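# An overview of the molecular structure
Letter by letter, the chains look like this.
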2 protein chains.
Amino acid sequence: MVKGGKAVAGRSGRPRVGEERLSRDAILQAALRIVDDEGLDAMTMRRLAATLGVNPMSIYHHLPNKAAVVAGLAELVFAELNNSTPPTGESWQEELLGAANAYRNALRAHPNLAFQVLADAAAVSDVVVVTVEPFYRALDRAGLAPRDIFEAVNTLIDFIHGFSLGEASVRAETFELAPDLVDRVSKLKPGQAPTLIRIVDELGADGLHYEFDDGFAIGLSVFVAGIAARFGL
Amino acid sequence: MVKGGKAVAGRSGRPRVGEERLSRDAILQAALRIVDDEGLDAMTMRRLAATLGVNPMSIYHHLPNKAAVVAGLAELVFAELNNSTPPTGESWQEELLGAANAYRNALRAHPNLAFQVLADAAAVSDVVVVTVEPFYRALDRAGLAPRDIFEAVNTLIDFIHGFSLGEASVRAETFELAPDLVDRVSKLKPGQAPTLIRIVDELGADGLHYEFDDGFAIGLSVFVAGIAARFGL
DNA sequence: ACCTGAACACCGTTCAAGT
DNA sequence: ACCTGAACACCGTTCAAGT
């Protein structure tokens, strides 16, 4: 963009104290804005520097490399989640649903980042660890044994991750499966997926409408019923 | 690598019939090899061309761009899954577990690709659609209503996706959580995650060992129990 | 310590030219 | 039709130099 023109004046050299133009936080906020607005690919070091009105290399004094910038963004998402009000509920079930919804919403807030966040969720940082507290609290309240809590939370969070991945990969929050799934299924060679074809046919009558909100709620209800049955509540 | 040297002879121009050096399939196989061996980042168009002994631009006559190459790889993974022997079982539960294990194994076969595969699973192609047939078959056999089958399969596959994402993000198939989780948890400010800290403490006594295989089996058992309970089987 | 400028070693892709 | 060579418009990052 600034391409041909000579660099905007901007004194070089160390700024006086209290005059720093850059900070880890300012960089991450600017990066998050770019990612939210234009996607992860648009967030290049050079572009980031440009929006900060700074030389590309200046960023490297606050973050070691681009991977660190992206990891910092993932951390921001979890930090937002941790700052949201913790879920409460009449029952452990309600509390668990509250935790799950808050988690999903945090991921939904930055769909262009969801992918990266999910990848980093494994390479856990402190912020991520704290994130599971509400889940532990709900299941502790339910009376599960420590090891069962551990496994149950892992399972539930895996589901939320997978669901969020699908949700982030699709633009609209509602979509008609009809033109998509029905159409595609109808083009399959009949021998290849007989059950699928038959089921989709029967569904087709009702009109094949899908809402992510409903899908999530149903998934959670399956999970809650499963926990209760599997761990003897 | 070939950097300074002059291009290896290699006649240019159109090869005679039956003499083509390139094909969509050959390109994808070479690309898959690079991704499996060195990761997705190593698979650049130029690198891919080099291993094929061909000019970078030649690839564009078979695939429109790099995104198409990567999408082709994702398709390969699902194709492998569809060619594996379909699961059978005494009960619908066993059949469902068989389908889930086959699905997970297909994703595990190419960990460096898992990420991309999961992203593309939403932007569904025909190969992906066929992939769900075994799940539909198991739940149809269980006697679920069409709409319930649809929702249950979505939920289960979301779980598998999330699980596989976590599995792909971690190198070893077994890891001690102790030095990782326990250590990290113990460094938290006590007010931040009291339940988590307490539960992990109690777990710490047993030795905090985690196996992905066990985690997956437990997760599946929760879902099977949940499906039975939630959909009244 | 913090910022800059120039340079290095890459990218994906377009376009015109070969056979 | 299929492959090539040169070129364009980018990347992330190193390194030496400024204050």
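Residue numbers here run from 1 along each chain, matching the order of that chain's written sequence. To label them, take the chains in the order written and letter them from A, then take the ligands in the order written and number them from 1. The predicted nature of this model means local features are confined to residues of pLDDT at least 70 and side-chain atom pairs, given and counted, to a pLDDT of 80 or more, with totals for whole chains, interfaces and linings taken over all residues. Note: side-chain values were computed over all heavy atoms of the structure, leaving out hydrogens and water.

### Regarding the relation of the copies chain B and chain A
When the copies are superposed, the least-squares fit takes in the C-alpha atoms of residues with a pLDDT of at least 70 in both. Of the transformation placing chain B onto chain A, the axial shift is 0.0 Å and the rotation is 180°, giving an RMSD of 0.0 Å. On this basis, the relationship between the two copies can be described by a two-fold rotation axis.

### Overview of the interface of chain B and chain A
Note on contacts: a residue pair is in contact if any heavy atoms of the two residues lie within 4.5 Å. If you look at the interface, chain B gives 60 residues, while chain A gives 60 residues. Note on terms: buried area is the combined drop in 1.4 Å-probe accessible area of two parts once they are placed together, counting the loss on both. For the pair chain B and chain A, the summed buried area comes to about 5200 Å², and 70% of that belongs to carbon and sulfur atoms. By convention in these notes, a salt bridge is any Lys or Arg side-chain nitrogen within 4 Å of a carboxyl oxygen on Asp or Glu. Viewed at the interface, chain A and chain B are joined by two salt bridges. For Asp140 of chain A, the salt bridge goes to Arg198 of chain B, with nearest N and O atoms at 2.5 Å. As used in this structure description, the phrase polar contact means that two N or O atoms lie within 3.5 Å; if the pair is within protein, one of them must be able to donate a hydrogen and the other to accept it, and residues adjacent in sequence are counted only when both atoms belong to side chains. Here chain B is connected to chain A by ten residue pairs in polar contact (both at pLDDT 80 or more). Those elements that place two or more of their residues in the side of chain B that touches chain A are α5 (111-120), α6 (126-131), α7 (133-142), α8 (146-169), α9 (178-186), α10 (194-206), β2 (209-211) and α11 (212-230) of chain B. Numbering goes from the N terminus for both helices and strands, where a helix is a DSSP run of H or I of at least four residues and a strand is a run of E of at least two. Here the side of chain B that touches chain A takes 15 residues from α8 of chain B, the largest share from any one element. Nonpolar residues are Ala, Val, Leu, Ile, Met, Phe, Trp, Tyr, Cys and Pro. Charged residues are Asp, Glu, Lys and Arg, and all others, Gly as well, are polar. Residues of the side of chain B that touches chain A, tallied by class, amount to 34 nonpolar, 14 polar and twelve charged.

### Looking at the domain arrangement of chain A
Residue and element names in this part refer to chain A. Domain boundaries in chain A define domain 1 (18-64) and domain 2 (78-230). Domain limits in this description derive from either an automatic procedure or a database domain assignment. Averaged C-alpha coordinates put domain 1 and domain 2 at centres separated by 32 Å. Between domain 1 and domain 2, the contact holds six residues from the first and five residues from the second. In this assembly, domain 1 packs against domain 2 so that about 440 Å² is buried in total across both faces, 61% of it on carbon and sulfur atoms. When the area that domain 1 buries against domain 2 is broken down by residue, the three leading residues are Leu32, Asp36 and Leu40, summing to 74%. Connecting domain 1 to domain 2 are zero salt bridges. Between domain 1 and domain 2 we count three residue pairs in polar contact (both at pLDDT 80 or more) in total. In terms of residue class, the side of domain 1 that touches domain 2 is built from three nonpolar, one polar and two charged.

### Regarding helix α8 (residues 146-169) of chain A
In a helix, the anticipated span is given by 1.5 Å times the number of residues less one. The first and last C-alpha atoms of α8 of chain A sit 35 Å apart over 24 residues, in line with the 34 Å expected at 1.5 Å per residue. Think of it in three bands: with a 1.4 Å probe and only protein chains considered, a residue is buried below 20% of the maximum accessible area for its type, exposed above 50%, and partly exposed in between. Burial of α8 of chain A is extensive: 17 of the 24 residues sit out of reach of the surface.

### As for the side chain of His161 of chain B
Note that His161 of chain B resides in helix α8. His161 of chain B gets classed as buried once you look at its relative accessible area, which sits at 8%. Not counting chain neighbours up to four residues away, the residues in contact with His161 of chain B comprise Gly162 of chain A together with Tyr103, Leu107, Leu118 and Ala121 of chain B.

### Structural notes on the packing of helix α4 (residues 92-108) of chain A against helix α7 (residues 133-142) of chain A
All names here are of chain A. Between the N-to-C directions of two axes lies an angle of 0 to 180 degrees, each axis being a line fitted to C-alpha atoms and, for a helix, fitted only over the stretch in contact. Direction vectors running N to C along α4 and α7 enclose 170°, while the axes themselves pass 8 Å from each other. By the angle between their axes, α4 is roughly antiparallel relative to α7. Viewed along their axes, α4 and α7 form a crossing whose handedness is left-handed. For the pair formed by α4 and α7, the contact residues are Trp92, Glu95, Leu96, Ala99, Ala100 and Tyr103 on the first element and Pro134, Phe135, Arg137, Ala138, Leu139, Arg141 and Ala142 on the second. Looking at the contact of α4 with α7 residue by residue, the classes come out as ten nonpolar, no polar and three charged. For classification purposes, an angle smaller than 35 degrees is called roughly parallel, one larger than 145 roughly antiparallel, one from 65 to 115 roughly perpendicular, and anything else oblique. A clockwise turn of the near helix away from the far one marks a right-handed crossing, whereas an anticlockwise turn of less than a right angle marks a left-handed crossing.

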